[in-house]
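Each chain, written out:
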Amino acid sequence: MLAPMRVSPNELVDVKCCIRPFRAQGCRLDAEQLGDTLVIHNYGHGGSGWSLSWGSAEIAVGKAMSVLPRDIAVVGCGIVGLTAAVVAQRAGLNVTIYAREMFSRTRSVRAFGAWTPSSRIALTEPAGPAFAALWEQMARISWRYFRACLGLPGQPVEFIDSYSLSDTPPRNREHAPATSSFAATGVPQSEGEFAEYDSLVRDIVPSSTNLAAGENPFGTAYARRRSQMHFNFTGYGHMLLSEFFAMGGKFQNRDFHSPADIAALPEKVVINCPGYAARDLWRDQTIIPVRGQTGWLIPQPEAHYGLGYGGVSLLSKSDGVMVMHTDSTLGDMEGVGNSMELPDRSNIEAGLAIVAPLFARMAGGRA
Ligand SMILES: Cc1cc2nc3c(=O)[nH]c(=O)nc-3n(C[C@H](O)[C@H](O)[C@H](O)COP(=O)(O)OP(=O)(O)OC[C@H]3O[C@@H](n4cnc5c(N)ncnc54)[C@H](O)[C@@H]3O)c2cc1C
């Protein structure tokens, strides 16, 4: 029997806003020579940076190893940079991370923290089949690494049951006919342009099952359940940082203003992981902001599950109950081109009002 979640706005302790670093071509993983410095880029992971972090780290470190360095620099200490640093150490390299913010202050900890490897990672056309193959490689590598983190103290990674609920029959999303396109404007114009790669890894990821009325604790007409992999930010960050420092890693607080600043570092091999900030730092206009936000209710360990209903997603993790409230008519287009990084509490409160009747019904025992 599931415990109802407490979703009163009184229990809302934080609202965090974040920008997804989206690139139509998919994340950037090429290498560039800047004078005597080899820079391997590792940024632009859209809504999938957590999920693809290990895979893209292995690819970036593989490129770094091609020149047999002993010491390397990693720029950035978000989930992408920190993971690349740990993978480089495991490959035997001495690593210094240079970053403006330490992990706990980066955009990465303002995400949702679920295994969503093809969430706003690319557009089908500009990315092409080569990126689809690279994506599959990254997703499979990451899945393997995350599986090795299951069951560790502090539950940095865990599977949580998540319920997809609706009052009307669930339908496959139909994309409205597009009147314009990325090719014409340089910005995604419709949800149908976003790449959908999940079917490539269907063999390893749990799928969902329909629940019969007697199995549905929420009293909605339709319910599906699936087990989804999740990351607890605090425990996961602690795990990675502990390994990084135990392996002799160094952290230097630095604010770079141009590629020349990076070329001036003593390390002559650099893995460049600045996330959305690459737009300014590298003058990379291929990065398109996609705004999103999460609300946080106090931790509720007695209600350890997630659900989606009416555009609201809830997820109860050890570090709190996360809330996202999106406009389901916009889908992946929500937040595209929006770089306003200001939290909007009223949007989260409106979301809580949508799901509150579900829990009132559970508490009343009428489910
Ligand atoms: C609402 C929301 C929900 C999301 N949910 C998920 C999810 O469930 N699953 C998932 O896989 N992904 C999710 N994402 C996407 C994920 O958060 C990002 O892809 C990821 O955080 C990108 O990480 P990063 O390390 O590249 O960048 P960041 O976290 O932005 O880190 C960048 C680092 O570079 C440093 N830096 C930047 N510029 C400079 C500079 N000039 N000088 C020095 N240092 C610099 C910063 O200080 C920081 O340390 C979500 C995103 C949003 C917005």
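Right above here is the structure, for reference.
What counts, and where the lines are drawn
Residues numbered from 1 in each chain as written. Predicted model: local features only at pLDDT ≥ 70, side-chain atom pairs only at ≥ 80, totals over all residues. Heavy atoms only, no water. Near = heavy atom within 4 Å. Polar contact = N/O pair within 3.5 Å; in protein donor to acceptor, adjacent residues only side chain to side chain. Helix = DSSP H or I, 4+ residues; strand = E, 2+ residues; numbered from the N terminus. Core = buried A, V, L, I, M, F, W, Y, C linked by side-chain atoms within 4.5 Å. Buried < 20%, exposed > 50% of the residue type's maximum accessible area, 1.4 Å probe, protein only. Contact = heavy atoms within 4.5 Å. Pairing = 2+ DSSP bridges. Axes fitted to C-alpha atoms, helices over the stretch in contact; angles between N-to-C directions. Parallel < 35°, antiparallel > 145°, perpendicular 65-115°, else oblique. Left-handed = near helix turned anticlockwise from the far one by under 90°. Nonpolar A, V, L, I, M, F, W, Y, C, P; charged D, E, K, R; others polar. Salt bridge = Lys/Arg side-chain N within 4 Å of Asp/Glu carboxyl O.

> Explain the site of the ligand to me, please; I cannot follow it from the model alone.
Neighbouring the ligand are 37 residues, the closest being Gly46, Ser51, Glu101, Ser108 and Ala114. Contact between the ligand and Trp50: an oxygen atom at 3.0 Å from a main-chain N or O atom of the residue. The separation between a nitrogen atom of the ligand and a polar main-chain atom of Arg100 is 3.0 Å. Secondary structure elements with two or more residues in the shell around the ligand: strand E1 (12-23), helix H1 (49-65), helix H2 (79-90) and strand E11 (287-297).

> What should I look at first to understand the nonpolar core in this one?
Side chains of nonpolar character tend, in soluble globular proteins, to be buried together. Ranked by size, the top nonpolar core spans 66 residues in total, and within it Phe131, Tyr197, Tyr236 and Ile271 carry the most contacts. For this core, the element with the most residues is helix H3 (residues 124-147), which contributes 10 residues. Aside from chain neighbours lying at most four places away, what touches Tyr236 is Trp50, Trp54, Ile79, Phe146, Pro156 and Val157. With 24 residues, the next largest nonpolar core counts Ala303, Tyr309, Ile348 and Leu352 among its residues.

> Is there a simple way to think about the environment of Gly113 in this case?
Mapped onto the secondary structure, Gly113 falls in the loop between strand E5 (94-99) and H3. Leaving out residues up to four positions away in the same chain, Gly113 has contacts with His230, Phe231, Phe233 and Lys317.

> What is the right way to read the sheet that holds strand E10 (residues 269-272) from this model?
Hydrogen bonds between backbone groups are what pair the strands of a sheet, and the pairing can be parallel or antiparallel. Spatial ordering of the open sheet is given by E2-E3-E10-E4-E5-E9, a layout of 6 strands whose pairing is mixed. Each end of this open sheet is capped by a strand with a single partner; those strands are strand E2 (31-34) and strand E9 (250-253). Taken pair by pair, the neighbouring strands of this sheet meet at an average axis angle of 25°, ignoring direction. Here strand E4 (residues 71-75) pairs with E5 via 5 bridges, running parallel. Paired with Ile72 across the strands is Val95, a residue of E5.

> Just checking my understanding: could you explain the sheet that holds strand E7 (residues 209-210) for this structure?
The 8 strands are arranged E1-E11-E14-E13-E12-E6-E8-E7 in an open sheet whose pairing can be described as mixed. Taken across any chain shown, the strands that pair with only one partner, and hence form the sheet edges, are E1 and E7. Inspection of the sheet shows E11 paired to strand E14 (residues 320-325) by 3 bridges, in the antiparallel sense. Directly across from Gly295, in E14, lies its bridge partner Val323.

> What should I look at first to understand the packing of H1 against H2 in this one?
Describing two packed helices takes the angle between their axes plus the distance from one axis to the other. With their axes 8 Å apart at the nearest point, H1 and H2 run at an angle of 40° to one another. One finds that H1 runs oblique with respect to H2. As H1 packs across H2, the resulting crossing turns out to be right-handed. In this structure, H1 uses Gly49, Trp50, Ser53, Trp54, Ala57, Glu58 and Val61 to contact H2, whose residues at the interface are Ile79, Val80, Thr83, Ala84, Val86, Val87, Ala88 and Arg90. Per-class residue counts for the contact of H1 with H2 are 10 nonpolar, 3 polar and 2 charged.

> Explanation requested: the pattern of salt bridges in the structure shown.
Opposite charge on two side chains makes pairing possible when the charged atoms of those side chains draw close. Here the structure, examined in full by the defined rule, presents 15 salt bridges. The partner of Glu32 in a salt bridge is Arg28, with the nearest N and O atoms 3.4 Å apart. Overall, Glu32 belongs to the partly exposed group, its relative accessible area being 24%. Among the ionic pairs, Arg140 bridges to Glu136, the shortest N-O distance being 2.9 Å. Remark: Glu136 and Arg140 occur in helix H3; sequence separation between them is 4 residues, near one turn of the helix. Residue Glu136 is classed as partly exposed on the basis of its relative accessible area, which comes to 24%.

> I tried to follow the pairing of strand E3 (residues 37-41) on my own but got confused; where do I start?
Put simply, side chains in a regular strand alternate between the two faces of the sheet. Most of E3 is tucked away, with 5 of its 5 residues classed as buried. Burial of E3 is two-sided: the residues Thr37, Val39 and His41 facing one way and the residues Leu38 and Ile40 facing the other way are all buried. Adjacent in sequence and paired antiparallel, E2 and E3 are bridged by 2 residues, among which Gly35 carries a positive phi angle near 60°. In this sheet, E10 lies alongside E3 in parallel orientation, the contact comprising 4 bridges. Looking across to E10, one finds that Leu38 is bridged to Val269.

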